[in-house]
Amino acid sequence: MAYLELKGIEKFFGEHRAIKGIDLEIQPGEFIVFVGPSGCGKSTLLRLIAGLEHIDGGQLNLDGRDITHLPSSKRDLAMVFQSYALYPHMSVYENMSFALKLAGESKKTIDEKVTRAADILNLTDYLERTPGALSGGQRQRVAIGRAIVRAPKVFLFDEPLSNLDAALRGQTRVEIAQLHRDLGATTIYVTHDQVEAMTLADRVVVLRDGLIEQVGSPLELYDNPVNQFVAQFIGTPQMNVAPLAQLPAEVRAAAPAGADGGSMGLRPESVRLAEAGTGVPATVVLVEALGAETLIYAKTQTGAQMVARQADRANVHVGDAVGLVLDLSKAHWFDTQGCTVRNPV
Amino acid sequence: MRHHRPTYTPAMILRTLVAWSVTLFLFFPLGWMALTAFKTELQAIAVPPLVLFEPTLENFTIVQERSDYMHYALNSLITSIGSTILGLAIAAPAAYAMAFYPSKATKDVLMWMLSTKMMPAVGALMPIYVLAQSSNMLDSLTALVIIFTLANLPIMVWMLYAGFKDIPKEILDAARMDGATLWQEARMVLLPLAIGTIASTGLLCLVLSWNEAFWSLTLTAAKAGTLAALIAQYSSPEGLFWAKLSAASLMAIAPIVVFGWFSQKQLVQGLTFGAVK
């Protein structure tokens, strides 16, 4: 039986159906990431689980109990907000102990729990400060500390890293992963950053327009996306997708029957750059040398845009005529609706 | 330690002069009233006006003898504090709802509330007088408290709304998630964060109610009269008694001026409508 179970969850904002019936089962200890473009409903879905928005349809069960219409304060969930949302008038200690105080814990228990959490998060020296006197990264840790002292049933994270600078974001991401390994708590994490989704998640839930597009482990989504949207959302740079009409006859010949009139997708690492004359003829449009790898953007004579990723440095320049060798064994095929068509095995 | 000698530019001198002239111009009537309160009736109407004279306290004694000052002061106190508490009790939840759970109609409701302040009070005199009369509330403190509250509500809701708007809603959400009930959220999180706004709103309401004259004069007589009514007694059918009128006025405004002096920081903060942090 699932620990947290979403059954046909719906949310309306006026006439607009923002969440269109979400079914999802989450197991204890899982790290689930909701990912999707802005406006896809991922934050709304999290707020529905948190009880901060009213659920208009469907049912939400936690640990065998129906919590659909229970107020947030009774759900036993903890949330880390994008803006941290620390209590500015309270010290770090008071911020972290607030929930325990409300729950009527004894002073001794509170002190033990806060001290332990502060120790884990390197906040011991800052317990007497107010949030205003802390750096962004420290505030973030207080917000996490406020959540972990309670040992809640589920942790909810709402884009917790988006206010941090790039270096700190990477570091905190690693810390969150480590924290989850240590505490083993069930976690739901919302982000628009697919790198965070890929690195943190046990399972990723890709959302679009209030609907789940696909649920799966990060590599499952990378290797077997169910449609063109997921295929292009997961992975940087994006998967190359070109209409079959713009591709040479031998590529079209490899397409499965259902993909007629549709398109072919190929990850940049499955496109190899070759001398002009081999493969698909193309012209280099842009070269991005990132050091460890090089991205070559090229346009075929038939007008298809392709990116090739290679580990070694490329000796090509904008305007050069090149050939693109496509590894069709790695190709994804999409029908006219953008749904994946599997090659008959 | 080196001291910087302040340098005065012509523009600064001009600004200072203008500021002082405007201030003196605004303060003159009040200052003259305070001066007159310590003159005899004869000195008060002397031409040319006396600036130097031997001050007397007889006007204050006479005012206190002829009309019970404490009675009116108490009425002013009761109506001001009463309407402030009642007003805050109504305005705070209204502002909370509008600031944190806005709907499509919120802006319109706020504008509509403000628009009621644009109507002259006299326009509502007839219906309110008849209402007070038919409910047996003429010359009663209850009626004054209710009317002062209603008159101040729009401005109170606006001020509290502006102050609450400055508080990120996520902080209140966080309190919910931490297990706070609505009441705990209001008391332990919202109140400490909004105390400045609430205090300045209350102060303003207190001052406005204390100074209110129109409804006090039209709806009260001896029993529920406020200090405004006390002052009015001295512009009486027997003619104007300038010195006593001034003494009564001074006694009426003194408490609120002293009060305002000590709370001016809060007042200014609230009146900037959250525009300045």
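Bear in mind the structure is a predicted one, so any value in this text is a computation, not a measurement.

**Remarks on the overall build of chain B**
Item 1. The helix and strand tally for chain B stands at 13 helices and 2 strands.
Item 2. Taken along the three principal axes of its C-alpha coordinates, chain B extends 75 × 70 × 30 Å.
Item 3. Considering chain B as a whole, with its 277 residues, one finds that 32% of them fall into the buried category.
Item 4. Considering only contacts within chain B whose residues lie at least 6 apart along the sequence, 78% involve residues at least 24 apart.

**Side note on the overall build of chain A**
Item 1. A count of helices and strands for chain A gives 9 helices and 19 strands.
Item 2. Projected onto its principal axes, the C-alpha coordinates of chain A cover approximately 75 × 45 × 35 Å.
Item 3. Every one of the 345 residues in chain A was classed for burial, and the buried ones make up 39%.

**Re the domain arrangement of chain B**
Interface size is commonly expressed as the accessible area that is lost once the parts come together.
All names here are of chain B.
Item 1. Assigned domains of chain B: these are domain 1 (10-58) and domain 2 (60-271).
Item 2. Spacing between the C-alpha centres of domain 1 and domain 2 amounts to 30 Å.
Item 3. Taken together, the 11 residues of domain 1 in the interface contact 10 residues of domain 2.
Item 4. When contributions to the side of domain 1 that touches domain 2 are tallied by element, the ones reaching two or more residues are α1 (10-36) and α2 (41-44).
Item 5. Of all the elements, α1 adds the most residues to the side of domain 1 that touches domain 2, at 3 residues.
Item 6. For the side of domain 1 that touches domain 2, the per-class residue count stands at 6 nonpolar, 2 polar and 3 charged.

**Things to note about the interface of chain B and chain A**
Item 1. Counting from both sides, the interface comprises 15 residues of chain B and, opposite them, 17 residues of chain A.
Item 2. Among the secondary structure elements, those contributing two or more residues to the side of chain B that touches chain A are α8 (169-177) and α9 (182-211) of chain B.
Item 3. Examining the composition of the side of chain B that touches chain A, we find that 6 residues originate from one element, α8(B), more than from any other.
Item 4. Considered class by class, the residues forming the side of chain B that touches chain A number 8 nonpolar, 3 polar and 4 charged.

**Observations regarding the packing of helix α3 (residues 58-66) of chain B against helix α12 (residues 242-262) of chain B**
Residues and elements named next belong to chain B.
Item 1. Closest axis-to-axis distance for the α3/α12 pair is 9 Å, and the angle between their directions is 75°. When the interaxial angle is binned, α3 and α12 end up roughly perpendicular. Between α3, through Asn59, Phe60, Ile62 and Val63, and α12, the contact on the second element is made entirely by Ala243, Lys244, Ala247, Ala248 and Met251.
Item 2. Taken together, the residues of the contact of α3 with α12 break down into 7 nonpolar, 1 polar and 1 charged.

Parameters at a glance
Think of each chain on its own: its residues are numbered from 1, step by step along the sequence as written. Each chain gets a letter, beginning with A, and each ligand a number, beginning with 1, in the order they are written. Residue-level local features of this predicted model are given only where pLDDT is at least 70; pairs of side-chain atoms are given and counted only at 80 or more, and the full residue set underlies all totals for whole chains, interfaces and linings. To qualify as a helix, a DSSP run of H or I must reach at least 4 residues; to qualify as a strand, a run of E must reach at least 2; elements of each kind are numbered from the N terminus. Remark: C-beta atoms are placed from the backbone, and a residue is labelled buried if 20 or more other C-beta atoms sit within 10 Å of its own, exposed if 12 or fewer do, or partly exposed between those counts. The contact criterion used here is simple: two residues whose C-beta atoms, placed from the backbone, lie within 7 Å are in contact. Residue ranges for the domains originate in an automatic or database domain assignment. In this count, Pro and Cys sit with the nonpolar residues alongside Ala, Val, Leu, Ile, Met, Phe, Trp and Tyr, while Asp, Glu, Lys and Arg are called charged and the others, Gly among them, polar. Orientation is described by axes fitted as lines to C-alpha atoms, over the contacting stretch for helices, and by angles from 0 to 180 degrees between their N-to-C directions. With respect to orientation, any angle under 35 degrees is reported as roughly parallel, any angle over 145 as roughly antiparallel, any angle of 65 to 115 as roughly perpendicular, and every other angle as oblique.

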